[in-house]
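Understanding the architecture of this molecule
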Amino acid sequence: MGRARLGVAIGYAGDFLKAAAAVPDYEAAGVELFSVSETYSFDAVSQLGYLAAITKTAALASDILPIYTRTPALLAMTAAGLDALSGGRFELGLGSSGAQVIEGFHGVPFDAPLGRTREIIEICRQVWRRETLAHAGRHYELPLPASALGAVGAGKALRIINHPVRPAVPVHIAALSPKSVAQTAEIADGWAPIFFHPERAADVWGEALASGTALRSPELGKLDVIVPLALYTGEFTELALMTVRQQIALYVGGMGARGRNFYYDLAVRYGYESEAAEIQRLFLSGQKDDAAFAVPEELARAVSLIGTRDEIAARVEALVAAGATTLLVQPGDRSHEERIAALEMLRGILDA
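Below is a short write-up of the structure. If you're wondering where the values come from, they're calculated on a predicted model, not measured in any experiment. (Residues numbered from 1 in each chain as written. Predicted model: local features only at pLDDT ≥ 70, side-chain atom pairs only at ≥ 80, totals over all residues. Heavy atoms only, no water.)

1. With respect to the pairing of strand S12 (residues 326–331)
Stated formally: Remark: exposure states derive from per-residue accessible area (1.4 Å probe, protein chains only) relative to the maximum for the residue type, with buried under 20%, exposed over 50%, and partly exposed in between. The secondary structure listing takes helices from DSSP runs of H or I that are at least 4 residues long and strands from runs of E that are at least 2 residues long, numbered from the N terminus. Pairing between two strands is assigned when DSSP locates at least 2 bridges connecting them.
The buried count for S12 comes to 5 of 6 residues, which makes it a mostly enclosed element. In this structure, strand S1 (residues 5–10) lies alongside S12, joined through 4 bridges in parallel fashion. Bridge pairing links Arg-5 to Thr-326 in S12. Strand direction decides the pairing type here: strand S10 (residues 224–232) and S12, joined by 6 bridges, are parallel. Within S12, the position partnered with Ala-230 by the bridge is Gln-330.

2. Regarding the layout of surface pockets
As a reminder, the rule being used: With a 1 Å grid laid over protein atoms only, a set of points is called a cavity when a 1.4 Å probe fits there but cannot get out and a pocket when it is open yet has protein on both sides within 12 Å along at least five of seven lines; lining residues have an atom within 4 Å of a point. Grid points are joined across faces, edges and corners, and a volume is the space filled by probe spheres set on the points. Throughout this entry, Asp, Glu, Lys and Arg are counted as charged residues, while Ala, Val, Leu, Ile, Met, Phe, Trp, Tyr, Cys and Pro are counted as nonpolar. The remaining residues, Gly among them, count as polar.
The space that makes up the second largest pocket amounts to roughly 350 Å³. Lining the second largest pocket are 16 residues, with Ala-73, Leu-133, Lys-156, Leu-158 and Arg-159 sitting closest to its centre. A breakdown of the residues in the lining of the second largest pocket according to their chemical character gives 11 nonpolar, 2 polar and 3 charged.

3. Quick word on unusual backbone geometry
Look at the link from Asp-63 to Ile-64: it is a cis peptide, with omega at 0°. Note on placement: Ile-64 falls in the loop between strand S3 (59–62) and strand S4 (65–66). Put simply, Leu-142 and Pro-143 share a cis peptide bond, and its omega is -5°. Of note, the phi angle at Ser-97 is positive, near 60°, even though the residue is not glycine. Mapped onto the secondary structure, Ser-97 falls in the loop between strand S5 (90–95) and helix H5 (99–106). The class for Ser-97 is partly exposed, based on a relative accessible area of 24%. We note that Arg-130 has phi near 60°; this positive angle belongs to a residue other than glycine. Arg-130 gets classed as buried once you look at its relative accessible area, which sits at 18%.

4. Here's the deal with empty space enclosed by the protein
Under the counting rule described, the total for this entry stands at 3 cavities of 30 Å³ or more. In this model, the largest cavity occupies a volume close to 80 Å³. Around the largest cavity sit 14 residues that line it, and Ser-62, Asp-63, His-172, Ala-192 and Ile-226 are the ones nearest its centre. Here the residues of the lining of the largest cavity sort into 9 nonpolar, 4 polar and 1 charged.

5. Quick word on the nonpolar core
Here is the rule we go by: As used in this record, nonpolar core signifies buried Ala, Val, Leu, Ile, Met, Phe, Trp, Tyr and Cys residues forming a set joined through side-chain atoms within 4.5 Å.
Grouped together as the largest cluster of nonpolar side chains are 107 residues, with contacts concentrated most on Trp-128, Trp-205, Leu-305 and Val-329. With 8 residues, helix H9 (residues 237–254) is the largest single contributor of residues to this core. Ranked by size, the runner-up nonpolar core spans 7 residues in total, among them Leu-33, Ala-61, Ile-226 and Leu-328.

6. Structural notes on the pattern of salt bridges
Put simply, the test is: When a carboxyl oxygen of Asp or Glu is within 4 Å of a side-chain nitrogen of Lys or Arg, the pair counts as a salt bridge.
In this structure the tally under the stated criterion is 15 salt bridges. With its nearest N and O atoms 2.6 Å apart, the salt bridge here joins Arg-166 to Asp-83. Remark: Asp-83 occurs in helix H4 (residues 72–85) and Arg-166 occurs in the loop between strand S7 (141–142) and strand S8 (171–173); sequence separation between them is 83 residues. You can call Asp-83 buried: its relative accessible area is 1%. We note a salt bridge from Arg-347 to Asp-351, for which the minimum N-O separation is 3.1 Å. Of this pair, Arg-347 and Asp-351 both sit in helix H15 (residues 336–351), 4 residues apart, roughly one helical turn. Salt bridges linked by common partners bring Arg-5, Glu-91 and Asp-224 together as one network.

7. A look at the packing of H4 against helix H6 (residues 113–128)
What counts, and what does not: Angles here are taken between N-to-C directions and fall from 0 to 180 degrees, while the axes themselves are lines fitted to C-alpha atoms, restricted in helices to the stretch in contact. Here the angle decides the label: under 35 degrees means roughly parallel, over 145 means roughly antiparallel, 65 to 115 means roughly perpendicular, and every other value means oblique. Each crossing gets its hand from how the near helix is turned against the far one by less than a right angle, where anticlockwise is left-handed and clockwise is right-handed. Pairs of residues are marked as contacts when any of their non-hydrogen atoms sit within 4.5 Å.
Direction vectors running N to C along H4 and H6 enclose 50°, while the axes themselves pass 8 Å from each other. On the basis of the axis angle, H4 is oblique to H6. In terms of crossing hand, the pair formed by H4 and H6 is right-handed. Listed contacts from H6 to Pro-72, Ala-73, Leu-75, Ala-76, Ala-79 and Ala-80 of H4 are Ile-120, Ile-123, Cys-124, Val-127 and Trp-128. In terms of residue class, the contact of H4 with H6 is built from 11 nonpolar, no polar and no charged.

8. Looking at the side chain of Thr-55
Here is the rule we go by: Distance and chemistry together define a polar contact, namely a pair of N or O atoms within 3.5 Å, with one atom able to donate a hydrogen and the other to accept it when in protein, and with adjacent residues in sequence counting only for side-chain atoms on both sides.
Among the structural elements, Thr-55 can be located in the loop between helix H3 (44–54) and S3. From its side chain, Thr-55 meets the backbone oxygen of Leu-51 in a polar contact 2.7 Å long. Looking at Thr-55, its side chain comes within polar contact range of the side chain of Arg-89, at 2.8 Å.

9. Some thoughts on the packing of helix H7 (residues 178–187) against helix H8 (residues 201–214)
Relative to each other, H7 and H8 sit at 35°, their axes nearing to 7 Å. Every pair of crossing elements has a handedness; the one defined by H7 and H8 is right-handed. Contact residues: H7 offers Pro-178, Val-181, Ala-182, Ala-185 and Glu-186, while H8 offers Trp-205, Ala-208, Leu-209, Ser-211, Gly-212 and Thr-213. Of the residues belonging to the contact of H7 with H8, the class tally is 7 nonpolar, 3 polar and 1 charged.

Written as structure tokens, this is what we have:
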């Protein structure tokens, strides 16, 4: 079993300062990456700046910055700034989010996620190389020409004032559909798939990963497969599993309208077509608890690290065998001491 990196995800809905207070101890326990999520929540960037000040060696990642909420140049500036603050430890996690959030909360059209993602990464890498920024794409044109609607013709080609710490900040993409996974394998440093089922991953994503890897530049190196997982080692595993089932029900049932839900489609591709339909029906009708109970226990166990040390070691072996290179966990044990012990146990399994 190859060695995988150990990360911890900081949730977007809780008390960030309370969560951050545990970070130095997590780092001492062997955690190599901390990520901060961003939805329609507090922004991730300010919190990552805070983590840069209280960590020493661990990498820091956005998980994820939606591509529609910032201009490509601002994404590049933000990544370069966080990389400088952390001494070259930042990793830029990007994703499209979904139409409900982008159009509902931000008020901008949810269009062309694949094309926009590709162009954003091209622009970011130009900025980090400190080139004079010039990009003529389908979705972004820099500088903006005078012929553009409302342009006054004063646009000037510029390069970033500061000197970035690194000419290329690692970029991760949260991707689920075959086309987006193929593009990620082609152009990104890392891929972040939610609800990664190691025993079924090859059937669902193998062809897309292979087609994208065939076009991948050797300069990018191996794709970092960053898998988010709940981690729980305590006595009440059924309760911990129910938390995972509730999360799956929320995403499969409620993260998107009927016919426009990436997570529902993923569950179907995993082979849970009838279960996904029932989860969505129950969730959208307001029966959220029943929707959680409709999530198969096998699925909840497959996409988490919950149980005894031996059970978790078996899941880790399956994950690494399926291509996972970073395990991004959310410790769920009740006390701080128990969470530290769980991370140290997992660090030991990964080092074995």
